[in-house]
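Residue-level structural notes
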Amino acid sequence: MSIAMRNLRKTYGEGVTAVHALRDVDLDIPQGQFTVILGPSGSGKTTLLNLVGAIDERSEGTLEVDGIDLGALDDQGRIGYRRTEVGLVFQFFNLIPTLTALENVELVAGLAGDDAHERSVRALEEVGLGERMGHFPSQMSGGEQQRVAIARALAKQPPILLCDEPTGELDFETGRMILALLRRLNRENGQTVLLVTHNAAVAGMADRVVRLRSGAVVEDRAIPEPVDAGELTW
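Anyway, here's the lowdown on the structure attached to this text. (Residues numbered from 1 in each chain as written. Predicted model: local features only at pLDDT ≥ 70, side-chain atom pairs only at ≥ 80, totals over all residues. Heavy atoms only, no water.)

1. Observations regarding the environment of threonine 46
As for its placement among the helices and strands, threonine 46 is situated in helix H1 (residues 45-52). Linking threonine 46 and valine 196, residues 150 residues apart in sequence, is a C-alpha distance of 6.9 Å. Excluding residues that lie within four positions of it along the chain, threonine 46 makes contacts with Asp164 and Val196. (Helix = DSSP H or I, 4+ residues; strand = E, 2+ residues; numbered from the N terminus. Contact = heavy atoms within 4.5 Å.)

Encoded structure:
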């Protein structure tokens, strides 16, 4: 799915206490592109991701996904969009500790239609956890838990994958493994990927880098020859 933003703004509060999280953002992200959104804390990265995920609503401007204006959707329309069109991967895994890896994935996959079990099994196999499905989060490493979180997003078979600091809580080697996995899934499945990070080194593996500062786009450039995630250093 393609994403188009025009004069996109998000403001929290009013008057002198208003916080302008996004200021007149104009971006076109084609289907299948792997885009890294860079910026320091408070730059508007997560706000941008939340708007694309229909978790939050824009204040001004337009945000269209495949020509559909997200701002025009009612509550039910937004819920339906989140269920079927986007997969979310966060810095914190948000797994339910009393459920196995498979059950954690099935819980979300079931919201997106039938065959939740089959889709969940396939997603866990896709991220290399076919033999760990019956394990609980406490029995898994940080990298394995993040892979469960990715499988949970993939099980919905979403055309858009939104990743908010997915390696922030992981060690260097595990972080590179997760980035390599996301890039492989992007290339094999053709999903549009937006990955938010403060780590500038990650930009080298992307098709495109967008840098935010104080809610505004200050850099937007293509990466002619992305490197493999295994070559990243930071």
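2. Comments concerning the nonpolar core
Counting residues in each nonpolar core, the largest one holds 42 residues, and the members touching the most others are Phe34, Leu124, Val148, Ile150, Leu161, Leu182 and Leu195. For this core, the elements supplying multiple residues, two or more each, are strand E3 (34-38), helix H3 (101-109), helix H4 (116-126), helix H5 (142-154), strand E7 (160-164), helix H6 (172-189) and strand E8 (192-197). Setting aside chain neighbours within four positions, we find leucine 161 in contact with Gly87, Val89, Ala153, Leu154, Leu182, Gln191, Thr192, Val193 and Leu194. Formed by 25 residues, the second largest nonpolar core is a distinct cluster that contains Leu22, Ile29, Leu51 and Ala54. (Core = buried A, V, L, I, M, F, W, Y, C linked by side-chain atoms within 4.5 Å. Buried < 20%, exposed > 50% of the residue type's maximum accessible area, 1.4 Å probe, protein only.)

3. A short note on the sheet that holds strand E5 (residues 68-69)
Taken together, four strands build an open sheet; the order of strands is E2-E1-E4-E5 and the sheet is antiparallel. Whereas interior strands pair on both sides, the edge strands pair on one side only; in this sheet they are strand E2 (19-29) and E5. By the bridge criterion, two bridges tie strand E4 (residues 60-65) to E5 in an arrangement that is antiparallel. Of the residues in E5, the one forming a bridge with valine 65 is isoleucine 68. Each of strand E1 (3-12), E2 and E4 is contacted by H1, which is oriented at about 120° to E1, the strand it contacts most. (Pairing = 2+ DSSP bridges. Axes fitted to C-alpha atoms, helices over the stretch in contact; angles between N-to-C directions.)

4. Looking at the packing of H5 against H6
Contact geometry of H5 with H6 gives a least axis separation of 10 Å together with a crossing angle of 20°. The orientation of H5 with respect to H6, classified from their angle, is roughly parallel. Here the hand of the crossing between H5 and H6 comes out right-handed. Contacts between H5 and H6 pair Gly143, Gln146, Arg147, Ile150 and Leu154 from the former with Thr174, Met177, Ile178, Leu181, Leu182 and Leu185 from the latter. Of the residues contributing to the contact of H5 with H6, the split by class is seven nonpolar, three polar and one charged. (Parallel < 35°, antiparallel > 145°, perpendicular 65-115°, else oblique. Left-handed = near helix turned anticlockwise from the far one by under 90°. Nonpolar A, V, L, I, M, F, W, Y, C, P; charged D, E, K, R; others polar.)

5. Overview of the sheet that holds strand E6 (residues 86-89)
Strand order in the open sheet made by the six strands is E6-E7-E8-E3-E9-E10, with mixed pairing throughout. Each edge of the sheet is formed by a strand with only one pairing partner; in this case those strands are E6 and strand E10 (216-222). Strand after strand, the sheet turns through a mean of 15° between neighbouring axes, direction not considered. Two strands pair when backbone bridges link them, and E6 and E7 are joined in this way by four bridges, in the parallel orientation. The residue of E7 that forms the bridge with leucine 88 is leucine 162. Those strands touched by H1 are E3, E6, E7, E8 and strand E9 (208-213), and its axis lies near 155° from that of E8. The strands that H5 touches are E6 and E7; relative to E6, the one it contacts most, it runs at about 170°.

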